[in-house]
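Fold and contact review
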Amino acid sequence: MSQALQVFSGTSNRALAQEICDFLQIPLGAASIDRFPNDELRLRIEQNVRGSDVFVVQSMSEPVDQHIMQLLIMIDALRRGSADRITAVVPYFAYAKQEKKTAPREPISAKLVANLLTVAGADRVLTVDLHAAAIEGFFDIPVDHLRGAALLADYVHSLGLQNLVVVSPDAGGVARANDFRYRIGASLAIIAKQRLRPDAVEMIEMVGDVRGRTAVIVDDMISTGGTLLEAAHLLRERGAAAVYVVATHAILAGNAAERMRSGVLDRAILTNTIAVPPSKRGESLTVLSVAPLLGEAIRRIHENMSVSALFT
Ligand code: R5P
């Protein structure tokens, strides 16, 4: 594309947006974001965007609804500022577990969020590890859906661990875990999970042999940490020699980070699709950066090159 490339950021993960700009060797776009006295969001794009190819980086992390609203209002401002094309870069797409009704009179909130982005004026979406890939179909605009697996697998590989078994902590994650085990050369174990409440899970049974092995639990997100910790306890009970976890989205709700330091885990390897504050970090937590992955995808979208080549 001949138009100028510009990257703007909401407040959810400015460090990641800055890293992406460093990768692209461009300055982060200037925008002011604060509040009117009546608590409404006050936003202004502080530089000319007319005719530009604009990317807005905003994770839908806590406070989720505020961050979504910020993204929508920023897209609206860019549209009214005559940006030529606007791509919503959403490293973590929230409401993704609400992609279908599980009971009468429930919303399909993921579809509503997709509609909101489109109505605000987004021309494209760039995201990482959607909880349900079917959400891509909720959009009638192009969605580039990147995967964190190669980044995470390369890191696990670099640790030189032996005798590995990759563990899916629930039936829904089997395809993800199966892909991961081929990437790192491991066998597969599968746990059957039952969610009792939004913040409580129970591990029912496990298929696969973990005795004496280094178990690597693979998941897309760690929210309350319940899934991960229950799985880790079961793996220890079944004789795993060490327990690692890899996951893309570090939601780390409530005291999840503290619970993860209980000793049952040897190491957690996450990414910065969501900003992880120092208070939630610890010696056994590694946070890998998705900035090169997103930066390269932005470069390719801007230059009309294939993005799928990044998936391998
Ligand atoms: C479930 O389908 C997801 O892949 C994760 O396993 C789950 O969302 C993690 O949530 P929590 O940490 O609250 O158990």
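Residues numbered from 1 in each chain as written. Predicted model: local features only at pLDDT ≥ 70, side-chain atom pairs only at ≥ 80, totals over all residues. Heavy atoms only, no water.

This part takes up the domain arrangement of the protein chain. Looking at the protein chain, the domain boundaries give domain 1 (5–147 + 291–311) and domain 2 (149–288). The straight-line distance from the C-alpha centre of domain 1 to that of domain 2 is 27 Å. The interface is formed by 16 residues belonging to domain 1 together with 14 residues belonging to domain 2. For the pair domain 1 and domain 2, the interface holds zero salt bridges. Counting every contact that joins domain 1 to domain 2 gives eight residue pairs in polar contact (both at pLDDT 80 or more). For the side of domain 1 that touches domain 2, the per-class residue count stands at six nonpolar, five polar and five charged. (Domains from an automatic or database assignment. Contact = heavy atoms within 4.5 Å. Salt bridge = Lys/Arg side-chain N within 4 Å of Asp/Glu carboxyl O. Polar contact = N/O pair within 3.5 Å; in protein donor to acceptor, adjacent residues only side chain to side chain. Nonpolar A, V, L, I, M, F, W, Y, C, P; charged D, E, K, R; others polar.)

This brings us to the sheet that holds strand β7 (residues 143–146). One open sheet holds the five strands; their spatial order is β1-β4-β5-β6-β7, and the pairing between them is parallel. Lying at the two open borders of the sheet, with one neighbouring strand each, are β1 (5–9) and β7. If you compare each strand with its neighbour and ignore which way they point, the axes differ by 20° on average. As paired strands, strand β4 (residues 53–57) and strand β5 (residues 85–90) are joined by five bridges and run parallel to one another. In the strand pairing of β5, Val54 is matched with Ile86. Where helix α1 (residues 14–24) meets the sheet, it contacts β1 and β4, and its direction lies at approximately 165° from that of β1. Along the sheet face, helix α8 (residues 291–302) touches β1, β4, β5, β6 (124–128) and β7 and points at about 155° away from the line of β6. (Pairing = 2+ DSSP bridges. Helix = DSSP H or I, 4+ residues; strand = E, 2+ residues; numbered from the N terminus. Axes fitted to C-alpha atoms, helices over the stretch in contact; angles between N-to-C directions.)

Turning next to the pattern of salt bridges. Taken as a whole and judged by the stated rule, the model has 16 salt bridges. Residues Arg35 and Asp39 are paired through a salt bridge, measuring 3.9 Å at the closest nitrogen-oxygen approach. Residue classification places Arg35 among the partly exposed positions, given a relative accessible area of 37%. Overall, the relative accessible area of 53% leaves Asp39 in the exposed class. (Buried < 20%, exposed > 50% of the residue type's maximum accessible area, 1.4 Å probe, protein only.)

Our next topic: the side chain of Thr286. Structurally, the position occupied by Thr286 is in strand β14 (residues 285–288). One polar contact links Thr286 to Arg267, side chain to side chain, over a distance of 2.6 Å. The residues contacting Thr286, other than those within four sequence positions of it, are Tyr155, Arg267, Ala268, Ile269 and Leu270.

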